[in-house]
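Results of the structural survey
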Amino acid sequence: MRIDVVTIFPGYFDALELSLLGKARSRGLIDVRVHDLRDAAHDRHRTVDGKPAGGGAGMVMKPEPWGEMLDGILAAQDAGPDPLIIFPSPAGEVFDQRMARELAGESHLVFGCGRYEGIDQRVFDEYADRGRVRLVSIGDYVLNGGEVATIAMIEAIGRLLPGVIGNPESLVEESHEASGGGALLEYPSYTQPAEWRGRAVPPVLLSGNHGAVAKWRQEQRVERTLRMRPELLPPGLSGGRRGR
Ligand code: 6GU
């Protein structure tokens, strides 16, 4: 998968060189390129923002640097056949595991990270007319810009790409993955020692009874989901307690 990121803070994306994603990049599974928006701002101060038309607080990102940068990325010889441009925005559709899976099927993603009060609306309109654009939020809270949201999305998407995670089995049982028995939260995990500070590993996990372990884990998933995220429970697993 090819990923381009446009930002005025390229340093945020140094984090993508770490851990699994860093390994996936060095193995050529993900090709991430980070572009400094200011490289497309040509005045003496490399200005990327201006006062909001109509007045009001804060600053808005100017359209010209965005146009030059995105045109360059889309015109590159090695651009994907039908790139998807994602603008992280608290005003967008909410990112979840389903969207991560959907985006993991794309061949070329372009993330446009806005700062200040946002990007001039004409940038969205221009690229929506010319191709595919999505505004995506990572949750109902406000960040200072799209960078941290983009890192979260790249990590969620990247780990779903074939070959990135050594053991694909570890993907199926985790929280929010429907293939592991409904979109339930993950069960609690334990390792050695069998007792720590007077706290024992649940005996069933040391019983060697695989059926009993599977049953216990499923019960834990349902119980946890009911307690933490009742709205995720499929009807039938809730014991009729949904919304009560
Ligand atoms: Cl994608 N951007 C910003 N600035 N804030 C957010 C967000 C995105 N998602 C949640 N809050």
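All values reported here derive from a predicted model rather than from experimental measurement.

Another point: the overall build of the chain. When helices and strands are counted, the chain shows seven helices and nine strands. Over its C-alpha atoms the chain spans a radius of gyration of 22 Å, topping by over 25% the 18 Å that the globule rule assigns to 244 residues. With the principal axes as the frame, the chain shows a C-alpha extent of 70 × 45 × 40 Å. Counting the 244 residues in the chain, one finds 26% classified as buried. For the chain, restricting intrachain contacts to residue pairs at least 6 apart in sequence, the fraction spanning at least 24 positions comes to 72%.

Close contacts around the ligand come from Pro88, Ser89, Pro90, Ser137, Ile138, Gly139, Tyr141, Val142, Leu143, Gly145, Gly146 and Ala149, and that covers them all. If you tally residues by element for the shell around the ligand, the top one is strand E5 (residues 84-94), at three residues. Class assignment for the residues of the shell around the ligand results in seven nonpolar, five polar and no charged.

This next bit is on the confidence of the model for the chain. Averaged over every residue, the pLDDT of the chain is 93; residues scoring 70 or more account for 95%. Predicted complex metrics record ipTM = 0.94 and pTM = 0.92.

Our next topic: the UniProt feature "binding site: S-adenosyl-L-methionine" (unreviewed entry) in the chain. The UniProt record annotates "binding site: S-adenosyl-L-methionine" (unreviewed entry) at Gly114, Ile138, Gly139, Asp140, Tyr141, Val142 and Leu143. Secondary-structure assignment places Asp140 in the loop between strand E7 (132-137) and helix H5 (147-158). By C-beta crowding, Asp140 is classed as exposed, having 7 other C-beta atoms within 10 Å.

On to the packing of helix H2 (residues 63-75) against helix H4 (residues 121-130), then. Relative orientation of the contacting elements H2 and H4 amounts to 30 degrees, with a least axis distance of 9 Å. Taken as axis vectors, H2 and H4 run roughly parallel relative to one another. Regarding H2 and H4, the two cross each other, and that crossing is right-handed. For the pair formed by H2 and H4, the contact residues are Pro63, Trp66, Gly67 and Leu70 on the first element and Arg122, Val123, Glu126 and Tyr127 on the second. Here the residues of the contact of H2 with H4 are counted per class, giving five nonpolar, one polar and two charged.

About the cut-offs
- Residues numbered from 1 in each chain as written.
- Predicted model: local features only at pLDDT ≥ 70, side-chain atom pairs only at ≥ 80, totals over all residues.
- Helix = DSSP H or I, 4+ residues; strand = E, 2+ residues; numbered from the N terminus.
- Rg over C-alpha atoms; globule rule 2.2 N^0.38 Å.
- Buried ≥ 20, exposed ≤ 12 C-beta atoms within 10 Å, placed from the backbone.
- Contact = placed C-beta atoms within 7 Å.
- Near = placed C-beta within 6 Å.
- Nonpolar A, V, L, I, M, F, W, Y, C, P; charged D, E, K, R; others polar.
- pLDDT = per-residue confidence, 0-100.
- UniProt positions renumbered as here; feature names shortened; annotations may be inferred.
- Axes fitted to C-alpha atoms, helices over the stretch in contact; angles between N-to-C directions.
- Parallel < 35°, antiparallel > 145°, perpendicular 65-115°, else oblique.
- Left-handed = near helix turned anticlockwise from the far one by under 90°.

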